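Given next are the chains, with one letter for each unit.
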Amino acid sequence: MNMIINETQRLYPAATIISRQVRREVKFGKLSIPSGTEVVIPALAIQYDPQQWGTDVHLFKPERFSQGAMNASKSPMAFIPFGFGPRMCVGLNFATLQTKVALSMILQRFSLLLSPSYRHAPITRVTTQPQHGAPIILNPL
Ligand code: HEM
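Residues numbered from 1 in each chain as written. Predicted model: local features only at pLDDT ≥ 70, side-chain atom pairs only at ≥ 80, totals over all residues. Heavy atoms only, no water.

Chemist: Tell me about the confidence of the model for the chain, and name the residues and values.
Modeler: Averaged over all residues, the pLDDT of the chain equals 96, while 100% of them reach at least 70. No element of the chain has a lower mean pLDDT than strand β2 (residues 26–28), which averages 92, and none a higher one than helix α3 (residues 50–53), which averages 98. Across the interfaces of the predicted complex, the ipTM metric reaches 0.98, alongside a pTM of 0.93. (pLDDT = per-residue confidence, 0-100. Helix = DSSP H or I, 4+ residues; strand = E, 2+ residues; numbered from the N terminus.)

Structure follows, in structure tokens:
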């Protein structure tokens, strides 16, 4: 279940960008970033980077995470659905636990089928959402 949740969050991260403000001037080689600069980290683009994930980056392949999230891509920083560093999401464990509990309860009771009316069109409206909803047919087990 971890691998499936991780791969879902890689392809459809709730937050597609993460931002930081530079507190004091930082130098990267010849590049100087002044204090106060807003830096946007494109989480979605990084999680779709073939150099990090391979040429099958667009495929849903939970087995990428079989050796853990830190080893799924070339750099461990290429998987950041909950952000990173001291301001990383404080709800990470709570949200992941809730996801597992909800999924377990549903999967114990129902088999799931994607409705033929489903149209795959994810969109970013603050968070990532299915543009036309996600109609699912539930059959009691
Ligand atoms: C799947 C569910 C969730 C996702 C994908 C998510 C994702 C994120 C991301 C990307 C950030 C920004 C981290 C950064 O800037 O490095 C964040 C921050 C935060 N999240 Fe979540 N989050 C989720 C659920 C929750 C829940 C359930 C809570 C509270 C119970 C929560 C509370 C927070 C708080 C308070 C921050 C700000 C942390 C700070 O600035 O120090 N999140 N979250």
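Additional details are given in the paragraphs that follow.
Chemist: Please provide a residue-by-residue account of the nonpolar core, values included.
Modeler: Residues Trp53, Val57, Phe65, Ala72, Ala78 and Phe79 constitute the largest nonpolar core, which totals six residues. Excluding residues that lie within four positions of it along the chain, Val57 makes contacts with Arg10, Leu11, Gln47, Tyr48, Asp49, Pro50 and Arg64. (Core = buried A, V, L, I, M, F, W, Y, C linked by side-chain atoms within 4.5 Å. Buried < 20%, exposed > 50% of the residue type's maximum accessible area, 1.4 Å probe, protein only. Contact = heavy atoms within 4.5 Å.)

Chemist: So what about helix α1 (residues 2–11)? Which residues, and what values?
Modeler: Think of an α-helix as turning once every 3.6 residues; residues three or four places apart then point the same way. Turning to α1, its buried residues number three or more, namely Ile5, Asn6, Glu7, Arg10 and Leu11. On its buried side, α1 packs onto α2 (43–47), α3 and α4 (92–109).

Chemist: Any chance you could break down the environment of Ile4 for me, citing the residues and the numbers?
Modeler: Secondary-structure assignment places Ile4 in helix α1. The residues contacting Ile4, other than those within four sequence positions of it, are Phe60 and Pro62.

Chemist: I'd like a rundown of the coordination of the iron atom of the ligand, residues and numbers included.
Modeler: Inspection of the coordination sphere of the iron atom of the ligand shows a single protein donor, Cys89 (SG), at 2.2 Å. One can find Cys89 in the loop between α3 and α4. (Donors = N, O, S within 2.8 Å, 3.2 Å for Na, K, Ca; no water.)

Chemist: Mind laying out the pattern of salt bridges, listing which residues take part and the relevant values?
Modeler: All told, the structure shown has five salt bridges when counted by the stated rule. As a salt-bridge pair, Lys27 and Glu25 come within 3.3 Å of each other at their nearest N and O atoms. Residue Lys27 is classed as exposed on the basis of its relative accessible area of 59%. Using a relative accessible area of 48% as the deciding quantity, one classes Glu25 as partly exposed. Residues Asp56 and Lys61 are paired through a salt bridge, measuring 2.5 Å at the closest nitrogen-oxygen approach. (Salt bridge = Lys/Arg side-chain N within 4 Å of Asp/Glu carboxyl O.)

Chemist: An account of unusual backbone geometry is needed here, citing residue identities and associated values.
Modeler: A positive phi angle is found at Val126, which is not glycine, with a value near 70 degrees. As for its placement among the helices and strands, Val126 is situated in the loop between β6 (122–125) and β7 (127–130).

Chemist: Account for the packing of aromatic side chains, naming residues and giving values.
Modeler: The final tally for this structure, using the stated rule, is three aromatic pairs. Between Trp53 and Phe65 the ring centres are 5.9 Å apart and the planes differ by 45 degrees, which places this aromatic pair in the tilted class. On the criterion of sequence distance, the pair formed by Trp53 in helix α3 and Phe65 in the loop between α3 and α4 is long-range, its members being twelve residues apart. The exposure class assigned to Phe65 is buried, which follows from its relative accessible area of 3%. An aromatic cluster of at least three residues, connected via ring pairs, comprises Trp53, Phe65 and Phe79. For Arg10, the ring lying beneath its charged end belongs to Trp53, and the centroid distance is 5.1 Å. Directly above the aromatic system of Phe84 lies the positively charged group of Arg20, at a separation of 4.8 Å from the ring centroid. (Phe/Tyr/Trp six-rings, centres within 6.5 Å; stacked < 30°, edge-to-face > 60°. Lys NZ or Arg CZ within 6 Å of the ring centre and 35° of its normal.)

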